Every structure is written in C-alpha cells, then in structure tokens.
Amino acid sequence: MSTHGSTLDVPELTQRLLAQAYGLGFDAAGIASLGEPATVSAFEAWRAAGMHGSMAWLDGTGATLRGDTRRPHPGATHAIVVAASYGGRAPSGPVARYARGDDYHVVLRERVRELHHWLERTLGRPVNARPYVDSGPLLERDLAQRAGLGWFGKNTMLITPQAGAFLFLASLLVELDLEPSAPFEADRCGRCTRCLDACPTGALVEPRVLDARRCISYLTIEHRDAIPEPLRASFGGLIYGCDICNDVCPWNERFTREPSLPSLAPRMGFPASDDVAEIRAFARTLCVMSAAEYADTFRGSAIKRAKLWMLQRNACIALGNVGTAADLPVLEALCTHEHPLVREHAKWACERVGAMDRQ
Ligand code: SF4
Ligand code: SF4
C-alpha cells in the first residue's frame, strides 16, 4: 500500500529514509514503533532508589511522559532513531571526548531536521514530527535498542556494532506509517566485567545500574553542590566528564570510529592528553577565567552545561590530585572566590597539594 501523497509503499519509504539517514552522516539508524519502553520499570526502580541524584527533571511530569514514548509528542507513532560517533579514538584527557566538539544538541538537531524535511519533500505533504536530542522525556537508549541499533552494555551505554558506544543518540518522533526495524536482542557483554572493575568511584553498583551520585560524569557536569569529599581523590585529573568505563570496553576498542560529522570533531583548546602538565595548565586556565572569557571560549560548546564556578570547583579537585606547589598561588587566590563552594574546594586542594609537597 502506498503512503499518503506518495507512490512509495511503507517498506520502500522506510528503506529510503534509512538510506537518507546514512547519507546525512549518521553511523546507525533504525525505526521503532512507540509504546511502553521495556526498561521503564528498571528506570523507575533506579529513580525510586534516588540514584539519579539531583536531576530533578527526571521526576514529576517528566517521569510520567517517559513511561510511554507515545506521550511526549501527540500523534507520533514511530521513532526514527539515529546515532553519530563523536570519536572514541581521540586520546583521553581531562574533558570527556563528547564535549570537545560543537554542542551536539545543536549539531544533531539540525541533521535530524534535515531528515524531517526530506520526508516532507518526498511525501509532498507536512509530516507531524519532533526531534529529540538528549533533551526530552524519552528513554533514548531503550528506543535505540528497540530500533535495532545496539545493546545495553553493563556500563549502561548503548553499544552499536557500527560505531561502539562513543556516540550520540537522537530521535525524530513522527506520525507516519513506517516499518519497524528488528530490535537488537543479543547481549554481547557476556562474562566481561571490565567496566565495573575499572570505575574509579564504584558508581556501577551492578551490571547496568549506575549510581549517578558516585559517577564522575554526573558529579562534574550535573551536580550543583559540593563534590563528596571521599570521592574526590578518585577523580584524578578529570575535570569534565569521564570516559573510563567506555575506554576499557573491548567493543569500543574494536568498533569505535572517528567523528562522523565534522562539527563533532574536537575544537582547539581542550587537552586531548593525560599528560599531567597539560591537565594542570588547563585547570589553572579555568581557575583564573573570567565570566566574559568563559562565554567567549566555550561559545557553542556542550561544556557550558557546567557553569564557570562548577568548572572551577572541578579544576580545584584536579589540581588537588595532580597539582604541585607551583599551582598553589592560583588555588590560594580561589580561596577568596565569591562562590562558597569554589572557596571550599580550593581550600581542600591547597591542603592536599601542601601535604603532598611536605612528603
Ligand atoms: Fe564510573 Fe566514570 Fe563510568 Fe561514571 S563515567 S560510571 S565514574 S567509569
Ligand atoms: Fe560490556 Fe565489558 Fe563493555 Fe562493560 S566493558 S560494557 S561488560 S563488554
């Protein structure tokens, strides 16, 4: 049967749509019909245990909408789910790889909109649709598994055979008859536990269960309070995010690709190295950064998810862990910072560096 306003039948349209997604630069694409996510009860149990920390947007209305993928966008029947690699082959460093390029929300939303425009041109009529890029009440990894893109790793990431797990997911919810892809049913983690063993803070409390309150990614990016002191030493030189449980994954070693879209490639200025001197230099730059420099330096970057004071708080922890006496003047200056949490973390770092220096 042909789709409304077009001579293409549903399988043909679906096939051409997926080809178009690959043509736009996505590494993986699939179709899922909407409904209740298979992982919604696990998600609710995780939330009820308080493991989402202070991410309040996961509660309230957001929680209700997440309970069924038909709810966020009225009329939508299917999701076109796409993934784009952000380049796991780049060296690790104090800023997680995903945040080194242009803001992925903007980059991916534009590409997903192109897919929407292609659909409307092809069908010769408007199509009710809405793009989501890590931005709405959708269990995106559940949707991606259902659309056949990959499986949930024990590190909670979606792992795809096409590009590993260093990737962004995006969805276009559409009111359109499409042919769903076969869900990805296999669990290819097997008996591996590398990610659980490698997590420096013990945040992966069991396979596929992440206690965000212990996770360096959550604590450095989302958490707007003091970093729990017992965890600080485990951060090492990490300042924004953490790639450790992805770095150790054998499937990433095998599948990871270069960034699929040019604007996801790293910008100048973010150290792509675990060299301590580079980490210290970057941390000091953050410590002395003004609000105007922050706005200018990180314009269009996902790193702005963290306010300047949060980056300075995180930089204090990095310097407290890998700094030397040469970093003390910068840290001491932050002991009078206007933000009380920056002051507290700077004092902690001064004491650590002073104690290390006396050893
Ligand atoms: Fe642990 Fe880092 Fe993975 Fe969080 S991102 S679970 S801290 S290894
Ligand atoms: Fe699965 Fe091992 Fe990768 Fe963890 S490191 S996600 S257990 S394959």
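In case you missed it, the structure is sitting above this.
Residues numbered from 1 in each chain as written. Chains lettered and ligands numbered in written order. Predicted model: local features only at pLDDT ≥ 70, side-chain atom pairs only at ≥ 80, totals over all residues. Heavy atoms only, no water.

S.K.: Would you mind showing me how to read helix H13 (residues 308-322) here?
M.R.: Think of an α-helix as turning once every 3.6 residues; residues three or four places apart then point the same way. Between its terminal C-alpha atoms H13 stretches 21 Å, which fits the 21 Å expected from 15 residues at 1.5 Å a residue. Of all 15 residues making up H13, 15 are buried, and the element is well covered by its neighbours. (Helix = DSSP H or I, 4+ residues; strand = E, 2+ residues; numbered from the N terminus. Expected span 1.5 Å × (residues − 1). Buried < 20%, exposed > 50% of the residue type's maximum accessible area, 1.4 Å probe, protein only.)

S.K.: Where do I start with the packing of aromatic side chains in this structure?
M.R.: For any pair of aromatic rings, geometry is given as the distance between the ring centres together with the angle between the planes. Taken as a whole and assessed by the stated rule, the structure comprises 14 aromatic pairs. Judged by centre distance (4.7 Å) and plane angle (40°), the rings of Tyr86 and Phe168 are tilted. Placement of Tyr86 in the loop between strand S2 (78-85) and helix H4 (104-123) and of Phe168 in strand S6 (residues 167-174) is noted, with a sequence separation of 82 residues between them. Look at Tyr86 and you get buried, because its relative accessible area is 9%. The exposure class assigned to Phe168 is buried, which follows from its relative accessible area of 5%. Connected via pairs of aromatic rings, a cluster forms that spans Tyr86, Tyr98, Tyr104, Phe166, Phe168 and Tyr240. When the ring centre of Trp348 is taken as origin, the NZ or CZ atom of Arg232, which lies over that ring, is 5.3 Å away. Here the guanidinium or amino end of Arg305 rests over the ring plane of Trp57, the centre of that ring lying 5.3 Å away. (Phe/Tyr/Trp six-rings, centres within 6.5 Å; stacked < 30°, edge-to-face > 60°. Lys NZ or Arg CZ within 6 Å of the ring centre and 35° of its normal.)

S.K.: Can you walk me through the side chain of Thr220 in this structure?
M.R.: Position of Thr220 relative to the elements: it lies in helix H7 (residues 216-221). By relative accessible area, which is 1% here, Thr220 ends up buried. In this structure the side chain of Thr220 is engaged in a polar contact, spanning 2.7 Å, whose partner is the backbone oxygen of Ile216. Apart from residues no more than four positions distant in its own chain, Thr220 is found in contact with Phe235, Ile239, Tyr240, Gly241, Ala306, Met310, Arg313 and Asn314. (Polar contact = N/O pair within 3.5 Å; in protein donor to acceptor, adjacent residues only side chain to side chain. Contact = heavy atoms within 4.5 Å.)

S.K.: Please clarify how the nonpolar core should be interpreted in this entry.
M.R.: What tends to happen in soluble globular proteins is that the nonpolar side chains get buried as a cluster. The biggest cluster of nonpolar side chains holds 94 residues, and the ones touching the most others in it are Ile80, Tyr98, Leu108, Leu119, Val174 and Tyr240. With nine residues, H13 is the single largest residue contributor to this core. Looking at this core, you find at least three residues from each of domain 1 (10-174) and domain 2 (275-354). If sequence neighbours within four positions are ignored, Tyr98 has contacts with Tyr86, Tyr104, Phe168, Ile221, Tyr240 and Ala302. Counting 18 residues, the second-largest nonpolar core is a separate cluster that includes Ala28, Ala79, Tyr132 and Ala144. (Core = buried A, V, L, I, M, F, W, Y, C linked by side-chain atoms within 4.5 Å. Domains from an automatic or database assignment.)

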